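# Inside the fold
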Amino acid sequence: MTERQRAQGMKLSKTNYLVYRDCAHNAWVKVHKPEVYHSEPLSVFEQAIIEIGNDVDVRARALFPGGVLIRRGDASGTAGLVAPRTPVLYQPVFETDRYTTACDILVWNAAHDAYDLYEVKASTSGDDRKAKDDLYAHDIAFQALVLRENGVPLGSLNLVRLNGEYVSDGRLDLDQLFTREDFTERATAIMDRVAAEMDAAHDLIQLPAMPAAPCTCIYKGRSSQCTTFEFINPSVPDYSVHDLTRIGASQKKLKALVDDGILAIADVPADFELTIKQRNQVEAAKSRRPFVDFEPLEAFLSEFRYPVAFLDYETFPCALPRFSGFGPFNHIPFQFSLHVVDRPGGEAVHSEFLFTETSCPDLPFVAALKAALPAEGTIVAWNKPFEKGINTKLAERLPAEQAYLAAVNARVVDLMDVFTEQMLVHPGFRGKTSIKWVLPALVPRLSYKGLAIQEGATASETWNAIVTGELETDEAAEARKNLLTYCGLDSLAMVEIWRVLLATGAAGEIREAG
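Residues numbered from 1 in each chain as written. Predicted model: local features only at pLDDT ≥ 70, side-chain atom pairs only at ≥ 80, totals over all residues. Heavy atoms only, no water.

## A look at the pattern of salt bridges
If the charged atoms of two oppositely charged side chains come close together, the side chains can form a pair. What counts is decided by this rule: Any carboxyl oxygen of Asp or Glu that lies within 4 Å of a side-chain nitrogen of Lys or Arg is treated as forming a salt bridge with it. For the purposes of this entry, the term helix denotes a DSSP run of H or I that reaches at least four residues, the term strand denotes a run of E that reaches at least two, and both are numbered from the N terminus. For every residue, the accessible area (1.4 Å probe, protein chains only) is compared with the maximum for its type, and the residue is labelled buried under 20%, exposed over 50%, or partly exposed between those bounds.
Taken as a whole and assessed by the stated rule, the structure comprises 31 salt bridges. Lys-14 is the partner of Asp-139 in a salt bridge, and the nearest nitrogen-oxygen pair spans 3.0 Å. Placement of the pair is Asp-139 in helix H7 (residues 129-149) and Lys-14 in helix H2 (residues 14-22), with a sequence separation of 125 residues. Take Lys-14: its relative accessible area is 12%, and that puts it in the buried class. Notably, a salt bridge pairs Asp-139 with Lys-121, separated by 2.8 Å at the nearest N-O pair. Within this pair, whereas Asp-139 is found in helix H7, its partner Lys-121 is found in strand E7 (residues 114-121), the two being separated by 18 residues in sequence. Taken individually, Asp-139 and Lys-121 each receive the classification buried, so the pair is uniform in this respect. Residues participating in the shared-partner salt-bridge network are Arg-129, Asp-133, Arg-161, Glu-181 and Arg-186.

## Re the pairing of strand E13 (residues 348-354)
Our working definition: Strands are treated as partners if at least two bridges between them are detected by DSSP.
Bridging between strand E12 (residues 330-341) and E13 involves 7 bridges; their strand directions are antiparallel. What sits directly across from Leu-338, in E13, is Ser-351. Joining the antiparallel neighbours E12 and E13 is a turn of 6 residues, in which Gly-345 adopts a positive phi near 80°.

## Here we look at the sheet that holds E7
Taken together, the 6 strands give an open sheet; going across it, the order is E2-E3-E6-E7-E8-E9, and neighbouring strands pair in mixed fashion. Each end of this open sheet is capped by a strand with a single partner; those strands are strand E2 (68-69) and strand E9 (178-182). One ladder, built from 2 bridges, connects E2 with strand E3 (residues 88-90); its direction is parallel. Looking across to E3, one finds that Leu-69 is bridged to Tyr-90.

Here it is in structure tokens:
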């Protein structure tokens, strides 16, 4: 930031206001230390979210056709179109001495002699609706306050989002795809509070130095912390009390630890009240040795029946339904990897499927699954609700396969249960149960590092780039190889983790017998 900018004062944008509401320190870093805030490039998942949002925003404009698209940052151009009451404006920009915002859509309502505001969101009203609606209400209230300060007559304040109940017949019916919800009352009810927050946020980003640490995220579990937590709070170790399992749901415990200056996992006192799972995690960190609960582990493994099939799916969560029978964000299953062990001590036999044509993969996917998957025995997944959920959706779209897919689901067990139920706790897991954390701790010779694709979001976007023609022929061929390698490691990783568990259980039996 230049001295001239500092003297003039910086305007608070809606985006920075929303960051401020989550963590004031993070908002300051975003404005004053952009090299820190953006030190990590956007993940493939984050980039996809942005692209999806842009795509949904453009599609929603068709609900209000004939509008004028405002150039980015063009507040004066917007004012010139608002004055004569241009009927529909896309991305209009408004500024005051302190604030700046862009709206998604403004529609002139002649009956009320006012502009109706429409905020477009690339989400449905499904999970976590209360939290989303609260966020959206603050988003809309910010815009309304800035527009009113600009003298824009406002009518209704609305939210446009994807309809989670919509099922495509192969074409996009925009009137059914989107819902329009009146948020006027919700936004108006919090307007005074939002105005006060805006003032506080504006004043904060004018500060030449960051407020003293810690930020409020010091009292949040690791997954809820701000993006620059490590920069703001350098005294917090990499593996801290914030990584205790479900500590975010035990805020009194976390606050007590932090306020007493106990930050490292290994420093948690023996007499501090923790859940059994939290205590197991602490003891593993202190001893630097794995903790094994042999009895439930052995019981879990004893339920496996040969042939044991280790199955992993890759899917693309398409915001705008691409095929008949799909709704917003329904997953398109395009790939699986399967390793089958047919007897104790047997080798794992690998088979795989990858569909990269432009048509719907459902039928070929199920046909390949039928051909590769043993008709009996245990099917092993990691986080089984995902694979089972994909099968359930496939059954809805393919009624003739309902019985088969239901039978498959009945045989699925979840290898992740070993770690969520703490049958085995390893200090290297750091409280995580993702296969990306478990594998290097238990099977260090296998690794996702060095792979062109290292996680599911990249796999999804890679497949989408292939089928939408974004890649040249040689690039697409390389991408297919990368997809097969990544998904193949997912199912192989389960095989090798299972073998470690078998050996661990056997060692427990020997120890007890001796």
